[in-house]
Structure formats: structure tokens, C-alpha cells
Amino acid sequence: MWFQPARSHLLRPPPQPKSLPLFRRLLSTLPWAHLLPSDPDASPLPRSLSQTKQAHALSLLLGYLPRSVSVSASLILSYASAGDVSPSRHLFRRSLAYSRSAFLWNTLIRAFSIAGLDEGLALYNRMVRAGVPADDHTFPFVIKACLDFQQVRKGFEVHGSVVKLGLDGDVFVCNNLLMLYGGCKELNCARKLFDGMVVRDVISWNTIVGVFALNGCHDAAVQFFEMMITSSSCVPNLVTVVSILPACAGLEDAVKVSEIHCRILKLGLDHQVTSGNALVDAYGKCGDSVASMRVFDGMAVRNVVSWNSVITSCTYRGHSKEAFDIFRSMIAAGESPNDITISSLLPVLVELEYFSKAKEIHAFSVRIGVESEVFVANSLIDMYAKSGCSIQASNVFHKMSVRNVVSWNAMISNFAQNKIESAALGFVRLMQEYGECPNSVTFTNLLPACARLGSPLPGKEIHGRSIRTGSDYDLFVSNALTDMYAKCGCLNLARHVFNTSLRDEVSYNILIIGYSETSDCIESLELFREMGVMSLRFDVVSYVGALSACSNLNALKQGKELHGYLIRRLVHCHLFVANSLLDLYTKCGRIDVAVEIFNQIPKKDAASWNTLILGYGMLGNINTAIDFFEAMKEDNVEYDSVSYIAVLSACSHGGLVEKGRRYFKEMQVRDIAPTQMHYACMVDLLGRAGLMKEAAELIKRLPVAPDANIWGALLGAARIYGDLEMGSWAANHLFELKPEHCGYYILLSNMYAEAGKWSDAVRIRRMMRSKGVKKSPAYSWVQLRDQAHAFLVGGRLDELDNVVHGHVILG
């Protein structure tokens, strides 16, 4: 047929040039002449896909393909490097018939590894099934593929083949196996393999040191390094010192870093920028910032990694100001920051509260095109969240092309910190829709938002999820759960989490504070004592919680004991502690001691003044309370919402109606929005003065629905003046707001009885019984042998016989 000659022509090998040198001279005039290999067996490695295609075409033109296996292998690797492996597969199939060894198979396995494809192991299996004998080059490529895709079981199989073929003595193959086991965290296997190696070179030692250092086994890494020095003929090189220094940094062993520094000088590696960078980082993480800066200043050549290392070493120890100064020096030296620099610097600016400068860094990151890098974007989200700019943080998040779990956690923290709790909860659901799994950091960020919502239901859902994922054993998660339940009023659940989890000082502090605000204040003091018995360190929160419990119990003796302990520890002048002491002594009626403490506070805040104003008001010393309120202004301390509650309460107890009205107006002029408690104080002020109609009008004009405090104040005033109409009006609202509170029923019933309206009094008592409301039992507090005990009316002292006596609050 007419087309057969053409077909047979295609099947014939391409013509070979008669004079190859002459032909090369002719080709040298072509634009793509540089792609021509000088030897048919050479390995051309063009830089781009277009160059690779030109080389491919030239190789076909010159007749090297498909017969030249070396040219085919070179093109296979070139296509893989350019990101297109389809031609590589085609070249492999065409040239395989001309291959007499595993060379071409090895090349394609390597090509798949370069392209990041997991087809290398399947190709190795085909090679084995095809009966092609593996050689010493096959296994390093296959082991690399096992490492890339974490196929440790396949690695064990390959290791078996290595032993079977007698290649377990090949140091190159064994070094690759060491890397595989280290990358898959099979450290015992790595150690056994290393111990059994007949021949070890410096790469073997570097690999085993690096494997253990990267997996956090710093002690073992140092031991291997010392073995290398003492029991081998291998001399450490640059890779050795760069591998061992992070392990020394992890151990915070500055002495060992100094020893390695000396060895670096001895080996003449001190002029290498890599060794200098590693020393700067290691000294910084060991806390020796002076040595870190000395190495940095002595570096003949620095790069951006050098600057990043010294900035990171400063931030690692909390030296934020120094880190920022070094960054400024970096700019002055003409070094261009990169994404690592920016992601390291942003937390420094947040710590220093330099938010305007952090925004400048954001603009700079946009200018150099790294603002979408995941580490930079995560740091930007955190920065904007902590500066209160929730919208800007969201903008950064939504512009990210790639996100990780840290990105989602940063956004959840952003919403939680900025009191957008519902958005934080919604983001966890969205996070899972996008296939990201919440972790312990997610739960720790989210649980405070649940606590602020005051609803334990979403917190219980998170608790269940943390149990399923095993995160409930994380100390931070268990503390966040305890805190959430405590703030939601579920102290029994908080105590259950506390009893079944790991505990630290924070765990105890959460419950000490939680119980101190309830009727179970004794439990707070018991936990405080237990904390001391367990030799846990008390902090300001511990002291404030214990003092608050003593205040609510009126346990003056225990409070004095704790006060003495605080003086011995020199923390009695801490502002929060001093304010708690003020609260203790004012509630226990020792205003004289409270004034002495007040006068010793070096820098008083609004809470210090408010406590004394409230204390004098409770004791009926109204004029002194008002004098302190006026003196607060003279001391340049800004009034807050509680300041006006304190002075309005004092005016109410003193019947100072006009002063109270003036202060109420003054508060609004200062842009302090009145709360329910302020309105309750005003109703109490007017009611006590007999201005019942004005008090009622104030309630009717309120911009918010009155709460139980406001109606309770009106009911109390109506009780004083026997105003049944007002009392009934207030009580009916109280029955709706707090139907379980027995006091309101009893108060209204007594008012009817005093007015001789016995049928109404009986009706209220019957209503009380029908709703199942019972009068609260009367407790008495008895202090016995340094402990306060509660017992019911009619209780006997011998009921306390089983109580362990004689211990004091601090154990």
C-alpha cells in the first residue's frame, strides 16, 4: 500500500550523522545549541519546561532517543523538575527496552520523588515483579519515597530486602534508612540500625545526632555527639555542629554550647555564617544574651537568618525591647527582612503594645508580598485581635490563600478576646466544615467565651468533644473547663473536672475564687490550705480568693493570720492584695485597720477608694464616706461605676436626698451609664426618705426592665412606711423574677399581718407553699480552733467531734 513505505521509515532508527564533530559545529549556530549534550551519555538538565522540550526535540533529531538510556534519564529528571511527569512516563516506556539494569527504574522513582508524587513505591513494586534486580542506587531512592510519604511499614520491607541482598553494609543505604526511621519517629529502630552498622562515616554520625535532636531527644543527641568525638575517627564538620547546637539549646545547657563553640573555633568553622547563626540561636535560648550578641557582633558575614536568629533569641527570653532595637538595626544595615523576620517581630510589638508600628510592619509585608504567608498572616491576626481590631483580623484571615489550624485558632481567639462569643462558637463549626479538626488550643480559646456567655450548654458540648479527642487530659483544657463551669455557677461540675484531671496552681486558684463567691466559702479556704500542703506556689490570685472567702465568712481570725503571712512574704502592698485586705477589714467592722492599710498603699486605684467609701457607708459614718469620695477626685483617681454605687448607697443610708440626686446627675455628665444597681440605689434613697411616688415614677421611666434589686429596694421602703399598695406592686414583680426566694413572700405577708389584713397574709403564705418555696434554714457560724464551722439551729456542738481540729489556714 502507498503508506507502507512511510510507516517502515518511521520504524527504522533515525539516521546518524556521518561526521558528528562537523554536525556539532553546524548546530552551534542554532539558538538552542547550548542544550546539546557534549556526550551522548551526558545528563542535560535544562532550567525550564520549554528548555526541556527543546532538548527533547534536539535529542530526537540527533537520534539519541529512545536508544540512549542516559539521555532519556536526564530528560525524565528535567521534566520532573519542571513539574510535568507525563513526558517522563512516556520516555521511560520508550527507552525501557534498551535498559539492561535498574538505572532507568531508579531514575523514574527519583523523578516521582522530585515531583512530590507517591507513585515511586508502586513503581518499585512493578520493578520487583518484573524481575529487575535492585542495586545500591535503587534503595536510597525508594527509602526517600518511604520517608516522604511516611510509609514506615514499607520501609521495614525495603530494609529486609537490603539485608537479603547483602547491602546492609553499604553506608550510603544505611544512612538513608537512619533518615527514614528518624523521620517516622522510629527512634529505637534508628538506634538499633546505627549500633549494628559496620562502617560509619561522618554523615552517619550527623544523621543520628540530627534524628534525635529533631525528635526532641536532646540528651541522646548530645550523647551521640560525645561518642562521635571520643570513639570514632570522624571529625565533626559544619553539619555536625549545626545539628547538635539546637539540642543544647533545648536542654538550655549554656556550658555545652560553649564547649561546642570552642570546637568550632578549633575546626576553623567560625567564619561560616551557618555556624554563627546556630550559635546565636543556641546562646539566646540558653538565656545567655550577652554571648549571643557577642557571636553576632563578631560575625564577618551576616545574612537575614543571622538577624532573625538574634531577634528570636531576644524574644525567647522576653526581651522584647531589645528585639525591636535589633530589628531597627537590621533595617539600618540595609538587610531586607523576610517572612520569618516579620512573623517573629509582630509578637514583640504586641508585647510592647506598639500597635501603630505593628500596622506599619503589616504595610511593609504587603509591599514585599509576604502578607499571605501563613506564619505572617497568623501573627497579623493575633496582633489585630490583641489590639481590639477584630474586623482587621478578619480581613487578614479571609485574604489568606492557605490556612492551617493555627489560623482558625487565632480567629477564634480574636472573637473570644473581643467579646464576640457567638462568632467564636460559629467559627468552630465553620472550621470543621472546611475539614480542619479542632485541637486543645481551640478548646482553650473557646471555653472562656462560653464562660462569658454564662451558659454551660456549649461548654458541655466542647467538654464532650475534648473527651472524645483525648484533649481533656491537657492541663490547659482541664483548667479552662474548670473555669468555665465555675463562672457558669456549676461548681459541682467544676469540682468534678478538678478531681479527675491534672492540677497546678491555676487549677486551685480557679476553684478558690469560685467558692469564695458562694455560700461554700469554707471550701475555698480548704483548697487554699490543701494547696499549701502540696507545696504549690501561692500567687496574687490565691491570696485574693482566700481573703475574699474570709470576708464573706466574717472570719477575722483567719484573715489576720493570712495578713501576717502576706507581710512575711512582702506581698501585702500589692494593689490587688491590699484591696482585698481592705474589703476584709471593712466587712468585719475593723475600719480602723482598713484605714491603716489604705494609707500604706503606694498607688491607690478606684477600687481602694470605693472599698473605704462602702465601708464607712455600711457603718453609718456617712460624712466620712462622702469626704473620701470627694478626696478621691483630689487624688486624681477617676471615678468609676462602683464609686457612684458606693456614694449613692452612703447617701441612701444617711437620708441625703439632694446630695444623692446631684451625684446621680454628675455620674451621667461623666458619661458613666447608670446600671440596674445605680437605679436600685436611687429607689432606695427616695424610698427611705418617704418619697414613694417619686421612686415609683423613677421605676416607670427606666430605659430597661427593672431587676430584683430595684423592686427589692421599693419593697423594703414600702415595708418601712407600711405602704401596702407599693409593697404589693413590688412583691408581685419579685414573685415573677425570683419565685424561689422566700424572703419576699415573708416580707409581704408580715406587712399584711401588721395592717390587720390576715386573710391576705394567709393567702401569701399559701401561695408560698403552693410554689414549693421553703424558708431557708438559719445557719450559725462558730469559730473553733482556728476554723469556722456552720451548723443549723438546734445543732449540737458534739456534732463537730468528728471534725479534724487544730490546723490553721496555711497548714
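Calculation criteria
- Residues numbered from 1 in each chain as written.
- Predicted model: local features only at pLDDT ≥ 70, side-chain atom pairs only at ≥ 80, totals over all residues.
- Heavy atoms only, no water.
- Helix = DSSP H or I, 4+ residues; strand = E, 2+ residues; numbered from the N terminus.
- Buried < 20%, exposed > 50% of the residue type's maximum accessible area, 1.4 Å probe, protein only.
- Contact = heavy atoms within 4.5 Å.
- Areas by Shrake-Rupley, 256 points an atom, 1.4 Å probe, with all protein chains shown as cover.
- Axes fitted to C-alpha atoms, helices over the stretch in contact; angles between N-to-C directions.
- Parallel < 35°, antiparallel > 145°, perpendicular 65-115°, else oblique.
- UniProt positions renumbered as here; feature names shortened; annotations may be inferred.
- 1 Å grid on protein atoms, 1.4 Å probe; cavity = no way out; pocket = protein on both sides within 12 Å on 5 of 7 lines; lining within 4 Å.
- Points joined across faces, edges and corners; volume = space filled by probe spheres on them.
- Nonpolar A, V, L, I, M, F, W, Y, C, P; charged D, E, K, R; others polar.
- pLDDT = per-residue confidence, 0-100.
- Polar contact = N/O pair within 3.5 Å; in protein donor to acceptor, adjacent residues only side chain to side chain.
- Salt bridge = Lys/Arg side-chain N within 4 Å of Asp/Glu carboxyl O.
- Phe/Tyr/Trp six-rings, centres within 6.5 Å; stacked < 30°, edge-to-face > 60°.
- Lys NZ or Arg CZ within 6 Å of the ring centre and 35° of its normal.
- Disulfide = S-S within 2.5 Å.
- Left-handed = near helix turned anticlockwise from the far one by under 90°.
- Expected span 1.5 Å × (residues − 1).

### Overview of the overall build of the protein
Right, on to step 1. Helix and strand counts for the protein stand at 45 helices and 2 strands.
Right, on to step 2. Going through the 811 residues of the protein one by one, you find that 46% of them count as buried.
Right, on to step 3. Taking all contacts inside the protein whose residues are at least 6 apart in sequence as the whole, residues at least 24 apart take part in 58%.
Right, on to step 4. Of the roughly 40800 Å² that the protein leaves accessible, carbon and sulfur atoms contribute 55%.

### Side note on the packing of helix 28 (residues 475-487) against helix 30 (residues 505-516)
The description of two packed helices rests on the angle between their axes and on the distance between the axes.
Right, on to step 1. It is at 9 Å that the axes of helix 28 and helix 30 come closest, and there the two elements cross at 5°. Between helix 28 and helix 30, the angle is such that the two are roughly parallel. Across the interface between the two elements, Leu 475, Asn 479, Thr 482, Asp 483 and Ala 486 from helix 28 touch Val 506, Ser 507, Ile 510 and Leu 511 from helix 30.

### A short note on the UniProt feature "repeat: PPR" (unreviewed entry) in the protein
Right, on to step 1. Summarizing the sequence annotation, UniProt attributes the feature "repeat: PPR" (unreviewed entry) to residues 303-337, 404-438, 504-538, 605-639 and 640-674 in the numbering used throughout.
Right, on to step 2. Its end C-alpha atoms 11 Å apart, residues 404-438 is made of 74% helix and 0% strand.

### A closer look at empty space enclosed by the protein
Right, on to step 1. All told, the structure shown has 2 cavities of 30 Å³ or more when counted by the stated rule.
Right, on to step 2. Forming the walls of the second largest cavity are Ile 109, Phe 112, Ser 113, Leu 117, Asp 118, Glu 119, Gly 120, Leu 121, Ala 145 and Phe 149.
Right, on to step 3. When residues of the lining of the second largest cavity are traced back to their parent elements, those giving at least two are helix 6 (103-115) and helix 7 (120-129).
Right, on to step 4. The greatest single-element share of the lining of the second largest cavity, amounting to 3 residues, is contributed by helix 6.
Right, on to step 5. Considering only residue class, the lining of the second largest cavity consists of 6 nonpolar, 2 polar and 2 charged.

### Considerations on the confidence of the model for the protein
Right, on to step 1. Summing up the model confidence of the protein, the mean pLDDT is 86 and the portion of residues at 70 or higher is 89%.
Right, on to step 2. Here helix 1 (residues 4-11) stands out as the least confident element of the protein, with mean pLDDT 31; helix 11 (residues 187-196) is the most confident, with 95.
Right, on to step 3. Segment residues 1-46: pLDDT under 50, and 54 contacts once partners within four positions in sequence are set aside and those in other chains are kept.
Right, on to step 4. Segment residues 799-808: pLDDT under 50, and 18 contacts once partners within four positions in sequence are set aside and those in other chains are kept.

### Structural notes on unusual backbone geometry
Right, on to step 1. The amide bond that connects Leu 65 to the next residue, Pro 66, takes the cis arrangement and shows omega of 5°.
Right, on to step 2. Within the fold, Pro 66 resides in the loop between helix 3 (49-62) and helix 4 (69-81).
Right, on to step 3. Although it is not a glycine, Gln 150 adopts a positive phi angle of roughly 55°.
Right, on to step 4. Its place among the elements puts Gln 150 in the loop between helix 8 (138-148) and helix 9 (152-164).

### Some details on the layout of surface pockets
Right, on to step 1. In this structure, the largest pocket occupies an estimated 320 Å³ of space.
Right, on to step 2. Those elements that place two or more of their residues in the lining of the largest pocket are helix 28 and helix 30.
Right, on to step 3. Ranked by the residues each element gives to the lining of the largest pocket, the list is headed by helix 28, at 7 residues.
Right, on to step 4. Taken together, the residues of the lining of the largest pocket break down into 9 nonpolar, 5 polar and 4 charged.
Right, on to step 5. Its boundaries defined by the atoms lining it, the second largest pocket holds a volume of some 280 Å³.
Right, on to step 6. For the second largest pocket, the lining is made up of 15 residues, of which Thr 207, Gly 210, Val 211, Ala 213 and Leu 214 are closest to its centre.
Right, on to step 7. Broken down by secondary-structure element, the contributors of at least two residues to the lining of the second largest pocket are helix 10 (171-183), helix 12 (202-214) and helix 14 (238-251).
Right, on to step 8. The element best represented in the lining of the second largest pocket is helix 12, accounting for 6 residues.

### A short note on the environment of Lys 487
Right, on to step 1. Here Lys 487 lies in helix 28.
Right, on to step 2. On the accessibility criterion, Lys 487 (56% relative accessible area) is exposed.

### Regarding the environment of Ala 55
Right, on to step 1. Residue position: Ala 55 is located in helix 3.
Right, on to step 2. Its relative accessible area of 3% is what places Ala 55 among the buried residues.
Right, on to step 3. Sequence separation between Ala 55 and Val 71 is 16 residues, and the spatial gap between their C-alpha atoms is 9.7 Å.

### A look at the side chain of Asn 206
Right, on to step 1. Tracing the backbone through its elements, the reader meets Asn 206 in helix 12.
Right, on to step 2. A relative accessible area of 8% places Asn 206 in the buried class.
Right, on to step 3. Side chain to side chain, Asn 206 and Asn 237 meet in a polar contact 3.1 Å long.
Right, on to step 4. Here the side chain of Asn 206 touches Thr 240 through a polar contact of 2.5 Å, side chain to side chain.
Right, on to step 5. Leave out the neighbours within four places in its chain, and Asn 206 touches Met 228, Asn 237, Val 239, Thr 240 and Ser 243.

### Topic: the pattern of salt bridges
Right, on to step 1. Scanning the entire structure with this criterion turns up 22 salt bridges.
Right, on to step 2. Two residues, Arg 495 and Glu 523, come together in a salt bridge whose shortest N-O distance is 2.6 Å. Of this pair, Arg 495 sits in helix 29 (residues 491-499) while Glu 523 is found in helix 31 (residues 521-533), placing the two residues 28 residues apart along the sequence.
Right, on to step 3. Through salt bridges with shared partners, a single ionic network connects Glu 226, Lys 256 and Glu 259.

### Some thoughts on the packing of aromatic side chains
Right, on to step 1. With the rule as written, the count across this model stands at 30 aromatic pairs.
Right, on to step 2. Summarising the aromatic geometry, the rings of Phe 194 and Phe 224 are spaced 5.5 Å apart at their centres and angled 85° between planes, so their arrangement reads as edge-to-face. One end of the pair, Phe 194, is in helix 11; the other, Phe 224, is in helix 13 (residues 218-231), with 30 residues separating them in the sequence.
Right, on to step 3. Sitting over the face of the ring of Phe 397, Arg 403 holds its NZ or CZ atom 4.3 Å from the ring centroid.
Right, on to step 4. Here Lys 604 stacks its cationic end above the ring of Phe 598, 5.1 Å away from the centre of that ring.

### Overview of the state of the cysteines
Right, on to step 1. Taken as a whole, this structure holds 0 disulfides when the rule is applied.
Right, on to step 2. Distance from the sulfur of Cys 450, which forms no disulfide, to the nearest cysteine sulfur (Cys 488) is 7.5 Å.
Right, on to step 3. Cys 490 carries a free sulfur, and the closest cysteine sulfur to it, the one in Cys 488, is 6.0 Å from it.
Right, on to step 4. Assessed through its relative accessible area of 16%, Cys 490 is described here as buried.

### Let's talk about the environment of Ile 109
Right, on to step 1. Relative to the helices and strands, Ile 109 resides in helix 6.
Right, on to step 2. For Ile 109, a relative accessible area of 1% corresponds to the buried category.
Right, on to step 3. In this structure, the C-alpha to C-alpha distance between Ile 109 and Tyr 124, residues 15 residues apart in sequence, is 7.3 Å.
Right, on to step 4. Contacts of Ile 109, omitting those with residues within four sequence positions, involve Gly 120, Leu 123, Tyr 124, Phe 141 and Val 142.

### Some thoughts on the packing of helix 22 (residues 374-386) against helix 23 (residues 390-399)
Right, on to step 1. Where helix 22 meets helix 23, the axes come as close as 7 Å, and the angle between the chain directions of the two elements is 165°. Between helix 22 and helix 23, the angle is such that the two are roughly antiparallel. Considering the relative orientation of helix 22 and helix 23, their crossing is left-handed. Here Ala 377, Leu 380, Ile 381, Tyr 384 and Ala 385 of helix 22 come into contact with helix 23, specifically with Ser 390, Gln 392, Ala 393, Val 396 and Phe 397.

### Comments concerning helix 12
Right, on to step 1. Its 13 residues place the ends of helix 12 18 Å apart at the C-alpha level, agreeing with the 18 Å of an ideal helix rising 1.5 Å per residue.
Right, on to step 2. In terms of burial, helix 12 is largely enclosed, as 10 of its 13 residues are buried.
Right, on to step 3. Of all the residues in helix 12, the buried ones are Ser 204, Trp 205, Asn 206, Thr 207, Ile 208, Val 209, Gly 210, Val 211, Phe 212 and Ala 213.
Right, on to step 4. Looking at the buried residues of helix 12, the elements they touch are helix 10, helix 11, helix 13 and helix 14.
Right, on to step 5. Here helix 12 starts with a cap whose side-chain oxygen sits 3.1 Å from the backbone nitrogen of Ile 203, and that cap is Asp 201.
Right, on to step 6. A positive backbone phi angle near 80° is found at Gly 216, which sits one or two residues after helix 12.

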